[in-house]
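Breakdown of the fold
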Amino acid sequence: CIRDRLYADRLGRVCGQLENKGLTQMIVSDPLSIWYLTGVRIEPYERLFALYIRTDGKHVFFLNNLFVIPETDIGKVWMSDTDDCIGIVAAHVDAGSDMGVDKSWPARFLLDLMERNPGVRYVNASACVDGVRSIKDDYEKEKMRESSRINDACMEKAAAWLKEGMTEKECADYIRSLYKEEGCEEGFNTIISFGANAADPHHEPDDTVLKEGDCIVIDMGCRKDSYCSDMTRTFFCKKEDPDYAPIHDLVRRANEKAENLIRPGVRFCDLDRVARELLTEAGYGDYFTHRLGHSIGLQDHEPGDVSLANTAAVEEGMTFSIEPGVYLPGKFGVRVEDLVLVTADGCEVLNKADKHWKIIG
């Protein structure tokens, strides 16, 4: 079936990445990555659960007898709570070849396996899976578009609903109710910041009451069919502040300038640099206190970012955020964030909600 071919293709691409690293085997323990590669979703809690990938295609699940999994052609090795689980794993893997492992496998399992098979060199091969996950296929692209479409609609409803006198917590609760109505869930803790609270990029909603003249930062995202959205818009309550509205316009232009530069081959550090330089030239460089963006997909923050430290090149199919901001301690904050999907010759901005400042409340 189509889904089986999709999973086979993903596993094949991971195997290609392993071969590029000179590896023939890898243990994947991250449940989300295992689901992405096989369609099998299990929350193992403290028990051992892993996918053993081999470049010869003879993949195997290591499973506890308490787990229930759907039909799959992948081999299965079952174990119980009273078994020597790592001993079973050690007996099934190739003790004569280097072993790739992912970054999330608990040390209590990895260290034991290293002792059982001491002649093996163990390699962090997370990039082999992360790199494949970073390039979205057609199915994933549609899911990312749908999640952002819902997020746009909920942002616009929240902006229309919010009124002077309401609290940040009330607004966050309302946004969660909107997601529930859309059949999805909150992708991360919604950030709602009124007035001076907006100078903290990760402010948690509290009982602060919205008053006339306040700036309003709403950073929100949902998870729909396992795929995440994320966006930020900044508003003013009843009237704009003449000192701060021009800063909003500046941040929006930094967002747009970076988005206009996106295409395959451009380096992530250069995207960050072009936005940061615009803010620096205007005197606000010291108040842009975080990277320009982060990768996104099955998780709101996935490996890979848009920062001065990342010299990797953008590739077609990648999805990431572009979110410049300016934060004036004790006074004001603004952030303008979109998600983008890299295309063959540019990018598709997944968020359609207007990002100019507006008067609401």
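Before reading further, recall that the structure is shown in the block above.
Note that the structure is predicted; figures quoted are calculated from it, not measured. (Residues numbered from 1 in each chain as written. Predicted model: local features only at pLDDT ≥ 70, side-chain atom pairs only at ≥ 80, totals over all residues. Heavy atoms only, no water.)

1. Structural notes on the packing of helix H2 (residues 31-38) against helix H5 (residues 126-134)
The relative placement of two packed helices comes down to the angle between their axes together with the axis-to-axis distance. In plain terms, the rule: Helix axes are fitted to C-alpha atoms over the stretch in contact, other axes to C-alpha atoms as well, and angles between N-to-C directions run from 0 to 180 degrees. Where helices and strands are cited, they refer to DSSP runs of H or I of at least four residues and of E of at least two residues respectively, numbered from the N terminus. Should an angle fall under 35 degrees it is taken as roughly parallel, and over 145 as roughly antiparallel, whereas 65 to 115 is taken as roughly perpendicular and any remaining angle as oblique. For any pair of crossing helices, the crossing counts as left-handed if the nearer helix is rotated counterclockwise from the farther one by less than a right angle, and right-handed if it is rotated clockwise. Whether two residues are in contact is decided by their heavy atoms, any of which lying within 4.5 Å being enough. Amino acids outside the nonpolar list (Ala, Val, Leu, Ile, Met, Phe, Trp, Tyr, Cys, Pro) and the charged list (Asp, Glu, Lys, Arg) are all regarded as polar, and Gly is one of them.
Packing of H2 against H5 brings their axes to within 11 Å, and their N-to-C directions diverge by 60 degrees. Between H2 and H5, the crossing angle belongs to the class labelled oblique. The element H2 and its partner H5 pack so that their crossing is left-handed. Residue-level inspection shows Leu32, Ser33, Tyr36 and Leu37 of H2 in contact with H5, the latter providing Val129, Val132 and Arg133. Taken together, the residues that form the contact of H2 with H5 break down as five nonpolar, one polar and one charged.

2. Examining the environment of glutamate 185
Here glutamate 185 is to be found in strand E7 (residues 185-186). In the structure, glutamate 185 is positioned 92 residues away from glutamate 277 in sequence and 36 Å away in space, judged by C-alpha atoms. Here glutamate 185 is in contact with Tyr179, Gly221, Cys222 and Arg223, once residues within four sequence places are set aside.

3. Quick notes on the sheet that holds E7
Just so we agree on the cut-off: Here the rule is simple: two strands pair whenever DSSP picks up at least two bridges between them.
The three strands are arranged E7-E10-E11 in an open sheet whose pairing can be described as antiparallel. Two strands bound the open sheet, and with one partner strand each, they are E7 and strand E11 (227-228). In terms of strand pairing, strand E10 (residues 222-224) meets E11 through two bridges, oriented antiparallel. Its bridge partner lying in E11, lysine 224 is registered against tyrosine 227.

4. Some details on the environment of glutamine 299
This is how it is decided: For the exposure calls, accessible area comes from a 1.4 Å probe over protein chains only, and a residue counts as buried if that area is under 20% of its type's maximum, exposed if over 50%, partly exposed in between.
With respect to the element layout, glutamine 299 can be found in the loop between strand E13 (293-295) and strand E14 (302-306). By relative accessible area, which is 31% here, glutamine 299 ends up partly exposed. Sequence spacing of glutamine 299 and leucine 32 is 267 residues, and the spatial spacing of their C-alpha atoms is 8.9 Å. In this structure, glutamine 299 is in contact with Leu32, Arg133 and Cys228, ignoring residues within four places of it in sequence.

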